[in-house]
Amino acid sequence: MQDAENVAVPEAAEERAEPGQQQPAAEPPPDEGCCGPRGPALRRRQGQRPLVRRWRSRRPGRSRRARPRESGLGTSAPTAGAQAASEDAGGNEGSAAEAEPRALENGDADEPSFSDPEDFVDDVSEEELLGDVLKDRPQEADGIDSVIVVDNVPQVGPDRLEKLKNVIHKIFSKFGKITNDFYPEEDGKTKGYIFLEYASPAHAVDAVKNADGYKLDKQHTFRVNLFTDFDKYMTISDEWDIPEKQPFKDLGNLRYWLEEAECRDQYSVIFESGDRTSIFWNDVKDPVSIEERARWTETYVRWSPKGTYLATFHQRGIALWGGEKFKQIQRFSHQGVQLIDFSPCERYLVTFSPLMDTQDDPQAIIIWDILTGHKKRGFHCESSAHWPIFKWSHDGKFFARMTLDTLSIYETPSMGLLDKKSLKISGIKDFSWSPGGNIIAFWVPEDKDIPARVTLMQLPTRQEIRVRNLFNVVDCKLHWQKNGDYLCVKVDRTPKGTQGVVTNFEIFRMREKQVPVDVVEMKETIIAFAWEPNGSKFAVLHGEAPRISVSFYHVKNNGKIELIMWIVTREMFDKQQANTIFWSPQGQFVVLAGLRSMNGALAFVDTSDCTVMNIAEHYMASDVEWDPTGRYVVTSVSWWSHKVDNAYWLWTFQGRLLQKNNKDRFCQLLWRPRPPTLLSQEQIKQIKKDLKKYSKIFEQKDRLSQSKASKELVERRRTMMEDFRKYRKMAQELYMEQKNERLELRGGVDTDELDSNVDDWEEETIEFFVTEEIIPLGNQE
Amino acid sequence: MGHTGAVWCVDADNSCRLWDCETGKQLALLKTNSAVRTCGFDFGGNIIMFSTDKQMGYQCFVSFFDLRDPSQIDNNEPYMKIPCNDSKITSAVWGPLGECIIAGHESGELNQYSAKSGEVLVNVKEHSRQINDIQLSRDMTMFVTASKDNTAKLFDSTTLERQKTFRTERPVNSAALSPNYDHVVLGGGQEAMDVTTTSTRIGKFEARFFHLAFEEEFGRVKGHFGPINSVAFHPDGKSYSSGGEDGYVRIHYFDPQYFEFEFEA
């Protein structure tokens, strides 16, 4: 491949081609005439032509038509090199003659000749040979690409022109060297627009991208355009075409499931290793199937945050389904999509695909409008390791992304940068939106003498409402309480003079003036932390296996943080342990689980009176999912993590097992989320007050449905028994009919009953001494 | 030679042997080309059949010998040999009155072959995977199959119509019908090669009792620490035994509650 390399690197080829030029005879002048009409860019390669040709002639059995890319050079071959090859391949008869003597000189005498016959006529166009790279052919530039037009520049007289030029220069030289400027004048004043020329077109593009919309002062906001776009704007019609009215598509009631009489919830189940997806109503008795489809999704599914849509993943993009029949509502074409994220308001969808990105057309991350299905904006993305890349504010008004030393906040619906610029925050490590207001929390590690810093910033004002300095920090994690009432920053520190890491929980009380902070210190390793949703408690799992403990803390109104419960999990579980915390979405109740490697131990805890309501086990459980109302919990063994006993079990919040649902190669269960309640705080309080009244009604309902269920069961058994008896009667009649045949076959001896010929028996009693082990029957798990 | 006087024995040493029950004497030795999987006497005790594995380039065959013609045994020349090209036989029993045999296949299919002509009388496919065991009821009017597809099923011996299905979470290796109750016992468990953990919990090596008519489980017996390979009821129905991969045969006598237990119906 040495020669091929030469082709790929034209510069090197030219150097190494030197020896080839020592044989000027091999370079017949007629060549010149052949490639004469070509541009100057092509002509400079003449020196290397012999070498390139050699590459071709050494390739046995390869026809003249062989494309460079087929020979393994691939598409990576730089343009000039490929062109060299092409010109050669599509080239000149004159050169064919000298290929052979060269081969001889090189000692390749026994190789057959691959040269074209004298009468060869090349009818392959360059377009056909390398149409894919021709577009990259160097082209003449007249420098017009480097010119920009800036509008809305202040109109000044000669006295202030110099000052204006200075300001302009300061703003626009950020994007590259300005080689020329022009300030048109009229009546001794500038006209309000200027022309700037950069050293390269890239600078001009950069300037348009970044300086367009730049606010110089209250009256002057720059409009920056490329000079080359002039034509484009010229041809825009002055008349405005009224957009065609889109017919309204009635999708029915997308929230129909909330109107269900029994207030049941829905969940999606993926099973048969992903081949089938089902939607069920959750019911105390048995799940009720609503919809089941084969190959509904290619990987997994997602519900939108308020439960309106079900998203399915496909090689070509994302599909959203909803309504009573789960009809397709919207499609978003994004080849190779892997990850998605909904905005909390369900208006926008963010999709990620590693396949589509190109330099000039960012398509790694696309933000879509769910209602219209239109693409709103594309973004580049280097790594999807920390998905979601874009984090949304709770109301969907803003979304933000962190890059090196930068926090970029965008606003909807324009999808543009908030105030046209990103925040420079050198060293920023992580950030997070408050779920309760447009506040961003971010932290910056220590830098020499400057301490680490946690900052809370109000948006869109960018006002810092609280800054907390921290020392000897190794790492921070930001945990918001679901309502945004509290922020806990878990700070791992190595205090001076000590060894090992201690952890501080810095609790920010967001609803109070000046955001007071209290600290809880933990000496042990932290395994998990979780806020109580809608509450003021938090749970921490800490310690080293096999001595992992759980602690519950309560943040009181006066700011005091009180330890309300502390248990060593292995004592609670009888030698098992927990490694994850799952709070009920309504708070108060919590499930502590030892997932995967910890065998599936489960503890159901009520934190209001600190009691362990039940200890149970779902062997090898991999997931725990609370229903959105906090009434039920599902534990499951997913085929994605464990290959046997794939099932999901339904429990009450108190830990009473209701159902074991075995599904072949079960993968994933997801509850359909509910939108936030429309009831006011007062109404909720009233309902809580009247709970007794309601519970009476519900208890009666439960009793009715229970007796109905047992009646149904008994009824079902009765019919099954009747059918079975009928069958047995038929079979026995046939059996009796065949009695004679049986007697005949066994020589007249009746063997139908064990004791039918008891007279022939001789009884002998033998006694053994055996140990007896009594195992009671019917002790199902 | 009476029907209570001899037993068949099959072996992985590629032979089938005929023994005298009373004396323990070997009456005949039939060499085969591949391992013998199943064998049995017909109802009259005059005809024997055995099936061989598809192995070492040999096909799966069912061979029939009539003992009333000694030359068949002496020359190792069965009066009929049914080839099974598609899917090998993994279990087989004689049908009632010795007119046919019922064979379960690796594919999960059931075939009823005529013992006279060898043709397939009935073919059904109710199981999705290998049928490990077939056991007849005492009166031979129905039989229960045990399959690798985690189920056992009850069939009518004459029509091969499926009557009932008993579902578990593990491959079923063996199933037996009680002679005097509407009960069936299932034995099985995770296949030895698939058990990756040492925990016996995950293998679920329990014998499980189901009601024949309701298809509902009403009892389990633990004890084995490997998969159960075979289960059998005592002919009087008062006890049962199970043989496991762990090397134990366990004999269990039923508690009085077993005989009193009834479903609410």
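Keep in mind that this is a model prediction, so the values were computed, not measured. (Residues numbered from 1 in each chain as written. Chains lettered and ligands numbered in written order. Predicted model: local features only at pLDDT ≥ 70, side-chain atom pairs only at ≥ 80, totals over all residues. Heavy atoms only, no water.)

As a further point, take the overall build of chain A. From N to C terminus, chain A includes 16 helices and 43 strands. When burial is assessed residue by residue, chain A has 43% of its 781 residues classed as buried. Sequence-distant contacts, at least 24 apart, represent 46% of the contacts inside chain A between residues at least 6 apart. For chain A, the accessible surface area stands at approximately 44,700 Å², while carbon and sulfur atoms represent 50% of it. (Helix = DSSP H or I, 4+ residues; strand = E, 2+ residues; numbered from the N terminus. Buried < 20%, exposed > 50% of the residue type's maximum accessible area, 1.4 Å probe, protein only. Contact = heavy atoms within 4.5 Å. Areas by Shrake-Rupley, 256 points an atom, 1.4 Å probe, with all protein chains shown as cover.)

Contact with chain B, which involves 47 residues of that partner, is made by 38 residues of chain A. At the junction of chain B and chain A, the tally comes to 3 salt bridges. Listing elements by their share of the side of chain B that touches chain A, those giving two or more residues are β14 (151-156), β15 (162-167), α2 (200-203), β18 (207-211), β19 (217-221) and β22 (249-253) of chain B. With 5 residues, β19 of chain B is the largest single contributor of residues to the side of chain B that touches chain A. Class assignment of the residues belonging to the side of chain B that touches chain A gives a composition of 17 nonpolar, 10 polar and 20 charged. (Salt bridge = Lys/Arg side-chain N within 4 Å of Asp/Glu carboxyl O. Nonpolar A, V, L, I, M, F, W, Y, C, P; charged D, E, K, R; others polar.)

Let us now look at the side chain of N661 of chain A. Residue and element names in this part refer to chain A. On the secondary structure map, N661 appears in strand β42 (residues 657-662). A distance of 3.0 Å separates the side chain of N661 from the side chain of Q659, its partner in a polar contact. Once residues lying within four places of it in the same chain are set aside, the contact partners of N661 are P287, A647, Y648 and W649. (Polar contact = N/O pair within 3.5 Å; in protein donor to acceptor, adjacent residues only side chain to side chain.)

Moving on, we get to the packing of aromatic side chains. As enumerated under the stated definition, the model contains 60 aromatic pairs over all chains in all. Measuring from centroid to centroid gives 6.1 Å for F398 of chain A and W433 of chain A, while their planes differ by 10 degrees, and the two rings are stacked. Residue F398 of chain A is located in strand β19 (residues 398-403), and its partner W433 of chain A is located in strand β23 (residues 430-433); the two are separated by 35 residues in the primary sequence. On the basis of relative accessibility, which here comes to 6%, the residue F398 of chain A falls in the buried class. Residues F143 of chain B and F155 of chain B carry aromatic rings whose centres are separated by 5.4 Å and whose planes lie at 15 degrees to one another, so their mutual orientation is stacked. Here F143 of chain B, found in strand β13 (residues 142-147), pairs with F155 of chain B, found in strand β14; they are 12 residues apart in sequence, far enough to count as distant. Among the residues examined, F155 of chain B registers a relative accessible area of 0% and is labelled buried. One aromatic cluster in this structure is built from Y181, F209, F214, F218, F233, Y240, F254, Y258, F259, F261 and F263 of chain B. (Phe/Tyr/Trp six-rings, centres within 6.5 Å; stacked < 30°, edge-to-face > 60°.)

Right, let's talk about the sheet that holds strand β10 (residues 301-303) of chain A for a bit. Residues and elements named next belong to chain A. The sheet built from 4 strands is open, its strands ordered β10-β11-β12-β13 with antiparallel pairing. Edge strands, defined here as strands with exactly one partner in the open sheet, are β10 and β13 (327-333). Averaged over all pairs of adjacent strands, the angle between strand axes in this sheet comes to 25 degrees, irrespective of strand direction. Bridge count for strand β12 (residues 317-322) against β13 is 6 bridges, and the pairing is antiparallel. The residue of β13 that forms the bridge with G317 is S333. (Pairing = 2+ DSSP bridges. Axes fitted to C-alpha atoms, helices over the stretch in contact; angles between N-to-C directions.)

Our next topic: the sheet that holds strand β7 (residues 80-84) of chain B. Residues and elements named next belong to chain B. Pairing is antiparallel in the open sheet, where 4 strands are placed in the order β4-β5-β6-β7. Both edges of this open sheet fall to β4 (36-41) and β7, since each of them pairs with a single strand only. For this sheet, the mean inter-axis angle between neighbouring strands, taken without regard to orientation, is 15 degrees.

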